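Below are the chains, spelled out letter by letter.
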Amino acid sequence: MAKDMTLLWGSGSPPCWRVQIALEEKNLQGYNQKLLSFEKGEHKSKEVLEINPRGQLPAFKHGKIILNESYAACLYLENQFKSQGTQLIPEGAAEVGLMYQLIFEAQPLAQKIGEVLYYNWKVPEGERHDSAVQRNKEALKEEMKIWEGHLQGCGDFLVGKSFSLADVIIFPVFAYFIRNGGSEERYPNVAAYYKKLRDRPSIKKTWPPTWIDGPGMGTLKDI
Amino acid sequence: MTSSGFPGCQSAPAVPAHMAKSMSLLWGAGSPPCWRVMITLEEKRLQGYKRKLLSFQKGEHKSQEVLEVNPRGQLPAFRHGDVVVNESTAACLYLENRFQSQGNRLIPDSPAEQALVFQRMMEGLTLTDRLNSVIYYDLLVPEEERHDSALKRSKETLSTELQLWEGYLQNVAAGSYLAGPFSLADVVVYPNVAFAFRFGLSAGRFPKLAKYYSLLKERPSIKASWPPQWMSSRQGYDVLKDL
């Protein structure tokens, strides 16, 4: 089963990391995988474009089935392999509702991190404004405060008492935030959640290889 | 429980009877996200839910009534008993999960079809962003920061995106939509397509999208929930006509 699966991925990319965590949690180790370099532009290579015309990673195949959206791949893996590995979608209505709510709330979170981190890459020089940079930073600060609130009084997981798709999808985003200088003092609940889950086997095993060499850039330290 | 009624991460009490009467939706006209939830409620035979139409123009999405359900002050704001799900795609997935065997199946079981539904559903959110970047450019970007070059780039990105969807719909026909039979992918994406045509997208240049649009216009769940009006854009209703 895992042998029919292939993942093209890049190190440090939360969307790629999610799929790797999901594969581990569903006991699908042994899948084919290839690490590509964003820096070298390998996400735009023919090999990727053949699976994902958008030239983005992750690019995931299961036999002839293609899933290039990380949420889609995670939902598919949980639905198709429900009875093996960790159950990632809870049973109760309140937990299911909260799980879906949080994973889609994570989209503005990831977007706002990107708006700050990649401003100069996304916006040509002639269109940049200090006011925009400020606005993006404020928006991310407000967003992080919301997530601090979501994690208030939480146990080890985002939803109820068990690891779920919410953790699969959102842990990598928090790790990315911290990796890029996000303050553990200003966001103690986020930091506590991060510290609790980083040693989970599926997460430890798939920790981005490029993060092991040393600290990241402190771009988000003022958020 | 926080004051917003949002249960946080602790287990919430069991949801009472699974009936539409315990559901309520605060919504705004012409909002694709609100429309998605309404289509899903129709498809799952959950008509009879409480609903209240609010005005974006009057800022009612920031009212106390909304903030109590959705602290982000956004619509839709959806409750089912004590369960609150404000993100539209999340609400649709939740409803399909809880009412799978009722009304129409929106997520097939078979691997290939299911994968395609999830894939197109998520790509639909990229389409949403790219549409908003153009149609609501003036709303999203303060006047001092606007550039013709930026809007031009957003339009080019949107055009490329729409051509991708035109390709996905090469074989569109009655009963054969984004992922075969009508599915959650169509629930998420169709409102965007209707939105695009409302704002001037050329049917001549996007014939497959136009066919998709007119085929599904008559679907009961879509007809029943068709927006009574669309929020206006400062750029007018023909902002997409040159794409």
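The model shown is predicted, which means the values in this text are computed figures rather than measured ones.

Tallying the contact residues gives 50 residues for chain A and 46 residues for chain B. Overall, the association of chain A and chain B removes approximately 3600 Å² of surface from exposure, summing both partners, and the carbon and sulfur fraction of that is 56%. Counting the contacts that link chain A with chain B gives six salt bridges. In this structure, the salt-bridge partner of A:Glu105 is B:Arg72, at a minimum N-O distance of 2.6 Å. The tally of links between chain A and chain B comes to 19 residue pairs in polar contact (both at pLDDT 80 or more). Those elements that provide at least two residues to the side of chain A that touches chain B are β4 (65-67), α3 (70-80), α4 (93-117) and α6 (130-150) of chain A.

With that settled, consider the packing of aromatic side chains. What the rule picks out here adds up to 30 aromatic pairs over all chains. The interplanar angle of 80 degrees and the centroid separation of 6.5 Å between the aromatic rings of B:Tyr177 and B:Phe182 together place this pair among those described as edge-to-face. On the basis of relative accessibility, which here comes to 7%, the residue B:Phe182 falls in the buried class. Look at B:Tyr213 and B:Trp226: their rings are 6.1 Å apart centre to centre, the planes differ by 55 degrees, and that puts the pair in the tilted class. Linking B:Tyr213 in helix α8 (residues 207-217) with B:Trp226 in the segment after α9 (220-224), this pair joins segments that are 13 residues apart in sequence. Taking the relative accessible area as the measure of exposure, B:Tyr213 reaches 18% and is therefore buried. Sitting over the face of the ring of A:Phe163, A:Arg200 holds its NZ or CZ atom 3.7 Å from the ring centroid. Here the guanidinium or amino end of B:Arg198 rests over the ring plane of B:Tyr237, the centre of that ring lying 3.8 Å away.

On to the UniProt feature "domain: GST C-terminal" (unreviewed entry) in chain B, then. With numbering matched to this structure, UniProt assigns "domain: GST C-terminal" (unreviewed entry) to residues 110-239 of chain B. Taken end to end, residues 110-239 of chain B comprises 62% helix and 0% strand; its first and last C-alpha atoms sit 40 Å apart.

Okay, the side chain of B:Lys44 next. Residue and element names in this part refer to chain B. Structurally, Lys 44 is set in the loop between α1 (32-43) and β2 (50-54). Accessibility expressed as a relative area gives 0% for Lys 44, which makes it buried. A polar atom in the side chain of Lys 44 sits 3.2 Å from the backbone oxygen of Phe 99. Those residues in contact with Lys 44 that sit more than four places away from it in its chain are Leu 95, Glu 96, Phe 99, Gln 100, Gln 102, Gly 103, Asn 104, Arg 105 and Leu 106.

Let us look at the layout of surface pockets. Residues and elements named next belong to chain B. Estimated volume of the second largest pocket: approximately 400 Å³. A total of four residues in the lining of the second largest pocket trace back to one element, the largest contributor, which is helix α3 (residues 88-98). Residues belonging to the lining of the second largest pocket are distributed by class as follows: seven nonpolar, six polar and seven charged.

Residues and elements named next belong to chain B. It is the contact of helix α4 (residues 111-135) with helix α6 (residues 148-168), at a shortest axis distance of 9 Å, that shows an interaxial angle of 150 degrees. Classed by the angle they form, the pair α4 and α6 counts as roughly antiparallel. As α4 runs across α6, the sense of the crossing is left-handed. Along the contact surface, α4 presents Arg 120, Glu 123, Gly 124, Thr 126, Leu 127, Arg 130, Leu 131, Ser 133 and Val 134, while α6 presents Leu 151, Ser 154, Lys 155, Thr 157, Leu 158, Glu 161, Leu 162, Leu 164, Trp 165 and Tyr 168.

What counts and how
Each chain carries its own residue numbering, running from 1 in the direction its sequence is written. Here the convention is simple: chains get letters from A, ligands get numbers from 1, in the order in which they are written. Two thresholds apply to this predicted model, a pLDDT of at least 70 for residue-level local features and 80 or more for giving and counting side-chain atom pairs, whereas whole-chain, interface and lining totals are computed over all residues. Derived side-chain values reflect all non-hydrogen atoms in the structure, with water molecules and hydrogen atoms excluded from consideration. Note on contacts: a residue pair qualifies if any of its non-hydrogen atoms lie within 4.5 Å across the two residues. Buried area: the accessible surface (1.4 Å probe) lost by two parts on joining, summed over both. We define a salt bridge as a contact between a side-chain nitrogen of Lys or Arg and a carboxyl oxygen of Asp or Glu at a distance within 4 Å. Between N or O atoms, a polar contact is any pair within 3.5 Å; within protein, one atom must be a potential hydrogen donor and the other a potential acceptor, and residues adjacent in sequence are included only when both atoms are from side chains. Where helices and strands are cited, they refer to DSSP runs of H or I of at least four residues and of E of at least two residues respectively, numbered from the N terminus. Planes of paired rings set the category: under 30 degrees apart is stacked, over 60 is edge-to-face and the rest tilted, where pairs are Phe, Tyr or Trp rings (Trp by its six-membered ring) whose centres lie within 6.5 Å. Categorising residues by exposure relies on relative accessible area from a 1.4 Å probe, with only protein chains included: less than 20% of the type maximum marks a residue as buried, more than 50% marks it as exposed, and the intermediate range marks it as partly exposed. Whether a charge sits over a ring depends on NZ of Lys or CZ of Arg being within 6 Å of the ring centre and within 35 degrees of the ring normal. UniProt positions are given in the numbering used here, feature names are shortened, and annotations may be inferred rather than shown by experiment. The distinction between a cavity and a pocket rests on a 1 Å grid over the protein atoms alone: a 1.4 Å probe fits inside a cavity but cannot get out, while a pocket stays open yet meets protein on both sides within 12 Å along at least five of seven lines, and a residue with an atom within 4 Å of a point counts as lining. Grid points are joined across faces, edges and corners, and a volume is the space filled by probe spheres set on the points. For this scheme, ten residues count as nonpolar: Ala, Val, Leu, Ile, Met, Phe, Trp, Tyr, Cys and Pro. Four count as charged, namely Asp, Glu, Lys and Arg, and the remainder, Gly too, count as polar. Throughout, an axis means a line fitted to C-alpha atoms (over the contacting stretch in the case of helices), and angles, computed between N-to-C directions, take values from 0 to 180 degrees. When describing relative orientation, an angle under 35 degrees is termed roughly parallel and one over 145 degrees roughly antiparallel, while 65 to 115 degrees is termed roughly perpendicular and anything else oblique. Each crossing gets its hand from how the near helix is turned against the far one by less than a right angle, where anticlockwise is left-handed and clockwise is right-handed.

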